[in-house]
Amino acid sequence: MFEQILNAADAIHPGLGQIVAPLGNYALLRQFLSGLAALLAVFAVVFVLERVCGGNLKRYLTRNFRTDMLYGVFYRGGIYNTLIYVPVVAALAAIVPAWDFQLIQYLPQPLDYVAFWLITDAAGYWIHRWYHSNPILWEFHKVHHAQTELTFVTSFRNHVVEQLASNVVLFVPLKLLGFPLWYWGPVIVLQSLFESLQHSDLNWRFGRLYPVIVSPVFHAIHHSPDRARHDSNYGKILSVWDYLFGTISVGERPQRYGLAGVDMPVSFSGTMVTPFKELWKKGRQSIHSIALVTDSSGLQAREEPE
Ligand SMILES: [Zn+2]
Ligand SMILES: [Zn+2]
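Asks: Explain the overall build of the protein chain residue by residue, including any values.
Replies: When you go through the protein chain residue by residue, the secondary structure sums to 13 helices and zero strands. Across the 306 residues of the protein chain, 25% fall into the buried class. Residue pairs at least 24 apart in sequence account for 70% of intrachain contacts in the protein chain once pairs closer than 6 positions are excluded.

Asks: Any details on unusual backbone geometry? Residues and values, ideally.
Replies: At F206, a position not held by glycine, the phi torsion is positive, near 65°. Looking at the element boundaries, F206 is found in the loop between α9 (184-198) and α10 (216-222). In this structure F206 comes out as partly exposed when scored by C-beta crowding, with 15 C-beta atoms within 10 Å. Within the chain, N233 stands out as a residue other than glycine whose phi angle is a positive 55°. You can see N233 is positioned in the loop between α11 (227-230) and α12 (240-244). Its 24 C-beta neighbours within 10 Å are what place N233 among the buried residues.

Asks: An account of the nonpolar core is requested, with residue identities and associated values reported.
Replies: The nonpolar side chains of a soluble globular protein tend to be buried, and buried together. Residues L39, V42, V46, M69, Y71, F74, Y75, Y80, F152, V153 and F156 constitute the largest nonpolar core, which totals 11 residues. Broken down by secondary-structure element, the contributors of at least two residues to this core are α3 (27-52) and α4 (63-76). Broken down by element, this core gets its largest block of residues, four residues, from α4. When we break this core down by domain, the ones giving at least three residues each are domain 1 (1-52) and domain 2 (63-300). Those residues in contact with F156 that lie beyond four places of it in its chain are D68, Y71, G72, Y75 and R76. With nine residues, the next largest nonpolar core counts Y125, F218, Y234 and L238 among its residues.

Asks: Just give me the short version of the environment of G235, but keep the residues and values in it.
Replies: Inspection of the secondary structure assignment puts G235 in the loop between α11 and α12. As a C-alpha pair, G235 and A123 span 112 residues in sequence and 9.7 Å in three-dimensional space. Setting aside residues up to four positions removed in sequence, G235 forms contacts with Y125, V214, W241 and D242.

Asks: I'd like a rundown of the packing of helix α6 (residues 111-133) against helix α7 (residues 135-145), residues and numbers included.
Replies: Running from amino to carboxyl end, α6 crosses α7 at an angle of 105°, the nearest separation of the two axes being 6 Å. Judged on the interaxial angle alone, α7 and α6 are roughly perpendicular. In this structure, α6 uses W130, Y131 and H132 to contact α7, whose residues at the interface are L137, W138 and H141. Split into classes, the residues belonging to the contact of α6 with α7 amount to four nonpolar, two polar and no charged.

Calculation rules
Residues numbered from 1 in each chain as written. Chains lettered and ligands numbered in written order. Predicted model: local features only at pLDDT ≥ 70, side-chain atom pairs only at ≥ 80, totals over all residues. Helix = DSSP H or I, 4+ residues; strand = E, 2+ residues; numbered from the N terminus. Buried ≥ 20, exposed ≤ 12 C-beta atoms within 10 Å, placed from the backbone. Contact = placed C-beta atoms within 7 Å. Core = buried A, V, L, I, M, F, W, Y, C linked by C-beta atoms within 7 Å. Domains from an automatic or database assignment. Axes fitted to C-alpha atoms, helices over the stretch in contact; angles between N-to-C directions. Parallel < 35°, antiparallel > 145°, perpendicular 65-115°, else oblique. Nonpolar A, V, L, I, M, F, W, Y, C, P; charged D, E, K, R; others polar.

Purely geometric stuff here, so don't read any function into it on its own.
Here it is as structure tokens:
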């Protein structure tokens, strides 16, 4: 992939490839360029599909889209993996093998791989549901839901705390069950492609497969500003979990997306900082109200003897 980029650079301007070539020794730069190329390839496919199906292409001219592109580059371009995910998982992997039960060895191939997919997807459903029910986690997950202009790259718009927590919560049990790490690759690629499609402006329901596989319409309902609707349809790839656990919402795509009454900045840095600010504000309010209750009960206690 990198050689192709160097050749393309040389084709644009002879000698340009030679200037860029030494930088190719850096793994992060290679990851960055291949991640960017993958994002642009998905963009090209989705853009054509949306144009053919009558999607609103003006979304790609908004600042909302540029922010989500930054999220895409941050996660797909190796920055998150190199600086955060790999060091954390390496530290965890050093601890976890001591409790590795290797339960998966009792399943024949390819049944173990099917089990891996089902467990990963079901866990993804429950983790997502947890982000909606826990008030602290919801502050971080709001970053994903505050987007009013859904595009293929909104799938990457996850706060770094949410992303890391989801990765760790999934990694530990799967490592304990004994799944090899290389099983992750196809899951991540397919999930990423599916999620890009789910955030595209395509009125696709997947026909009879609607109750089985998450379609763009299914996930669009999850981005409704109406709480009853965004607290539903948590599925990642399979929608069966929502049918099984009673969180299904059907119907048409919402007219608008986002969260009513939530003041979320449009910038990348703003979306990263806001959850911490909100939690700090709520923490202070809670301490203040506890202090008020304690003060008033103390006052009553002092008044009682009179
Ligand atoms: Zn959600
Ligand atoms: Zn989404």
